[in-house]
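One-letter residues, chain by chain:
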Amino acid sequence: MPAPFEYERATSVDQAIGLLERLGSSARLVAGGHSLLPMMKLRLANFEYLIDINDLHAELGYIRLSDDEVRIGAMTRHRELLESDVLAGVFPIFSDAEKVIADPIVRNRGTLGGSLCQADPSEDLSAVCTTLDASCVIRGPGGSERVVTMEEFHVGPYETAVADNEILTEIRIPRKNFKVGSAYAKVERRAGDWAVVSAGAAVWLDQGRIVDARVGLAAVGPNTTGIPEISAALRGHEPDESLYELAGAIAARSCDPATDTRGSADYKRHLADELTRRTLRRAVERARS
């Protein structure tokens, strides 16, 4: 059972920010609540106030495509990400990831913003957004906004750059004028579980050569991990198996997994290697097609 708490329901972003500013660190936003409420039931997290922001879906639940970027509202639900043909057409990595996230109950209620703000090192959509070089829009009092990269957004396990009086409102993903492919793969102990290791890859091709590539790993360190060394090693080359092997080797030595009930550190490094190869191979196939 959770400790006693007060309940507020916000009807606008500005009202939610006003409540956060007034209540301070004793308050926490809740949308789907599938991560927060279990932690509160175990008394691993205790808050005096919960601010329900489900009424903000009309304001913050959207997927908007333009020539230079994709904008996704923080209240967009997992089911909407999974079922969006527009999103699957440009970044199929979202569909790959959403198919292995939890179960329909969670996907019907959980949100993109909630997943990112939970900042779990094993979280799938954090790896997806890291792979796609996404930026996060954070709004504060008085309508002030700031934009931070994924590397800046996640400052530690279960800790983000969002202050007590701020709210994540939008995720922005850049589009580049090249052929692009993306993919996601995950090893889990049972369907819908947290990842033992997962990997996302995105590749941009021009005349058959890689002009940019990114790989994001989850569950292999204190934060979702992007690997700039892989990007540098792949740029300018025609994709082939030797290049995938090189990227996998870099991923294995760059991550910092811990031995736990999900597997040994060596096993997780092996998975980082193998999943990096698989997702890069699949991303290139999609870019070519």
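The model shown is predicted, which means the values in this text are computed figures rather than measured ones.

**Q** Where do I start with the overall build of the protein in this structure?
**A** Summing up its helical and strand segments, the protein has 13 helices and 14 strands in all. For 289 residues, the compact-globule estimate of 2.2 N^0.38 gives 19 Å, and the C-alpha radius of gyration of the protein, at 19 Å, lies within 12% of that figure. Put simply, the protein has 289 residues, and 53% of those count as buried. Restricting to contacts in the protein with at least 6 residues of sequence separation, those with at least 24 account for 64%. As displayed, the protein offers around 12,900 Å² of accessible surface, 47% of which is attributable to carbon and sulfur atoms. In the protein, 34 positive and 43 negative side-chain charges are present, and the distance between their average locations comes to 3 Å.

**Q** Would you take a moment to explain the UniProt feature "domain: FAD-binding PCMH-type" (unreviewed entry) in the protein for this structure?
**A** When the UniProt feature table is mapped to this numbering, "domain: FAD-binding PCMH-type" (unreviewed entry) covers residues 1-178. Taken end to end, residues 1-178 comprises 36% helix and 24% strand; its first and last C-alpha atoms sit 52 Å apart.

**Q** Would you take a moment to explain the pattern of salt bridges for this structure?
**A** Between side chains of opposite charge, pairing is possible as soon as their charged atoms come close. All chains considered together, the criterion is met by 25 salt bridges. Between R172 and E170 there is a salt bridge whose closest N-O contact spans 2.7 Å. With relative accessibility at 6%, the residue E170 sits in the buried group. One network of salt bridges, with partners in common, ties together E69, R71, E170 and R172.

**Q** Explain the pairing of strand β2 (residues 27-30) to me, please; I cannot follow it from the model alone.
**A** The side chains of a regular strand alternate, residue by residue, between the two faces of the sheet. Relative to strand β3 (residues 49-52), β2 runs parallel, the two sharing four bridges. Residue pairing across strands places L29 opposite I51, the latter belonging to β3.

**Q** Whenever I open this one, the sheet that holds strand β14 (residues 225-226) confuses me. Can you help?
**A** Two strands in a sheet stick together by hydrogen bonds in their backbones, pointing the same way (parallel) or opposite ways (antiparallel). Ordered in space as β11-β12-β13-β14, the four strands form an open sheet in which the pairing is antiparallel. Every other strand in the sheet has two partners, leaving β11 (179-188) and β14 as the edge strands with one partner each. Pairing between strand β13 (residues 209-218) and β14: two bridges, direction antiparallel. Paired with G216 across the two strands is G226, which belongs to β14. Sheet strands in contact with helix α13 (residues 265-288) are β11, β12 (195-206) and β13, and its direction is about 30° off that of β12.

**Q** Teacher, can you tell me more about unusual backbone geometry here?
**A** Residues other than glycine predominantly adopt negative phi, and peptide bonds predominantly adopt the trans conformation. For A102, which is not glycine, the phi dihedral falls at a positive 50°. The phi torsion at Q207 lies on the positive side, around 55°, for a residue other than glycine.

**Q** Hey, could you run me through the state of the cysteines in this one?
**A** Such a bond, covalent and formed between the sulfur atoms of two cysteines, is termed a disulfide. One pass over the structure, following the stated rule, counts zero disulfides. Not part of a disulfide, C136 finds its nearest cysteine sulfur in C129, a span of 6.6 Å. Under the relative-accessibility criterion, C136 is labelled buried at 0%.

**Q** How do you make sense of the packing of aromatic side chains when you look at a structure like this?
**A** The geometry of an aromatic ring pair is captured by the separation of the ring centres together with the interplanar angle, meaning the angle of the planes. In the structure shown here, the tally under the stated rule is zero aromatic pairs. Residue placement shows R64 over the ring face of Y62; its charged tip is 3.7 Å from the ring centre. Cation over ring: K176 sits above W204, and NZ or CZ is 4.1 Å from the ring centre.

**Q** Is there a simple way to explain the nonpolar core in this structure?
**A** For soluble globular proteins, the rule of thumb is that nonpolar side chains tend to be buried together. Counting 32 residues, the largest nonpolar core has F94, L116, L125 and I173 as the members making the most contacts within it. Considering every element that reaches this core, the biggest residue donor is helix α9 (residues 124-131), with four residues. When near neighbours in sequence (up to four residues on either side) are disregarded, L125 contacts H78, L81, F94, A97, E98, I101, L112, S115 and L116. Grouped together as the second largest cluster of nonpolar side chains are 29 residues, V203, L217, A247 and A283 included.

**Q** Would you mind going over the packing of helix α12 (residues 241-254) against α13 with me for this structure?
**A** Packed helix pairs are characterised by how far apart their axes lie and by the angle those axes make with each other. Where α12 contacts α13, the axes come no closer than 8 Å and their chain directions differ by 140°. As α12 runs across α13, the sense of the crossing is right-handed. When α12 is examined against α13, the residues E241, Y244, E245, A247, G248, A249, A251 and A252 are found in contact with a partner set consisting of R269, A272, D273, T276, R277, L280, R281 and V284. Broken down by class, the residue content of the contact of α12 with α13 amounts to eight nonpolar, two polar and six charged.

**Q** How should I be thinking about the pairing of strand β7 (residues 145-149) in this particular structure?
**A** Two strands pair when backbone bridges link them, and strand β6 (residues 135-139) and β7 are joined in this way by five bridges, in the antiparallel orientation. Directly across from S135, in β7, lies its bridge partner T149. Hairpin connection between β6 and β7: a loop of five residues separates the two successive antiparallel strands, and G142 in this loop has a positive phi of roughly 75°.

**Q** Looking at this model, I keep getting lost on the side chain of D124. Mind explaining?
**A** Secondary-structure assignment places D124 in helix α9. At a separation of 2.7 Å, a polar atom in the side chain of D124 contacts the side chain of Y184. Discounting chain neighbours no more than four positions away, the residues touching D124 are I101, Y184, K186 and S198.

Parameters and conventions
Along each chain, residues carry numbers from 1 onward, in the same order as the chain's sequence is written. The model is predicted, so local features are restricted to residues of pLDDT at least 70 and side-chain atom pairs to those at 80 or more, both for listing and for counting; the totals for chains, interfaces and linings are taken over all residues. Water and hydrogen atoms play no part in the side-chain values, which are based on all heavy atoms of the structure. The helix count covers DSSP runs of H or I at least four residues long, the strand count covers runs of E at least two residues long, and both are numbered beginning at the N terminus. Computation of the radius of gyration draws on C-alpha atoms alone. For the globule rule, the value is 2.2 Å times the number of residues to the power 0.38. Each residue gets one of three labels from its accessible area relative to the maximum for its type: buried under 20%, exposed over 50%, partly exposed in between, using a 1.4 Å probe on protein chains only. Two residues qualify as a contact provided that any one of their heavy atoms is within 4.5 Å of a heavy atom in the partner residue. Surface exposure here means Shrake-Rupley accessible area, sampled with a 1.4 Å probe, where a residue is shielded only by the protein chains that are shown. For the charge count, each Lys or Arg is scored as positive and each Asp or Glu as negative, with His and the chain ends excluded. Positions of charges follow a simple convention, taking NZ of Lys, CZ of Arg, CG of Asp or CD of Glu. UniProt positions are given in the numbering used here, feature names are shortened, and annotations may be inferred rather than shown by experiment. We define a salt bridge as a contact between a side-chain nitrogen of Lys or Arg and a carboxyl oxygen of Asp or Glu at a distance within 4 Å. Strands are labelled as partners when DSSP assigns at least two bridges between them. Throughout, an axis means a line fitted to C-alpha atoms (over the contacting stretch in the case of helices), and angles, computed between N-to-C directions, take values from 0 to 180 degrees. By definition, disulfides here are pairs of cysteine sulfur atoms that lie within 2.5 Å. Pairs were defined over the aromatic rings of Phe, Tyr and Trp, the Trp ring being its six-membered one, requiring ring centres within 6.5 Å. Orientation was assigned from the angle between planes: stacked under 30 degrees, edge-to-face over 60, tilted for the rest. Placement of a positive charge over a ring is assigned whenever Lys NZ or Arg CZ falls within 6 Å of the ring centre and within 35 degrees of the normal to the ring plane. We define a nonpolar core as any set of buried Ala, Val, Leu, Ile, Met, Phe, Trp, Tyr and Cys residues linked to one another through side-chain atoms lying within 4.5 Å. Handedness of a crossing follows from how the near helix is turned relative to the far one, being left-handed for an anticlockwise turn of less than a right angle and right-handed for a clockwise one. Basically, the charged four are Asp, Glu, Lys and Arg, the nonpolar ten are Ala, Val, Leu, Ile, Met, Phe, Trp, Tyr, Cys and Pro, and anything else, Gly included, counts as polar. The definition of a polar contact used here is a pair of N or O atoms within 3.5 Å, where within protein one atom must be able to donate a hydrogen and the other to accept one, and adjacent residues in sequence count solely through side-chain atom pairs.

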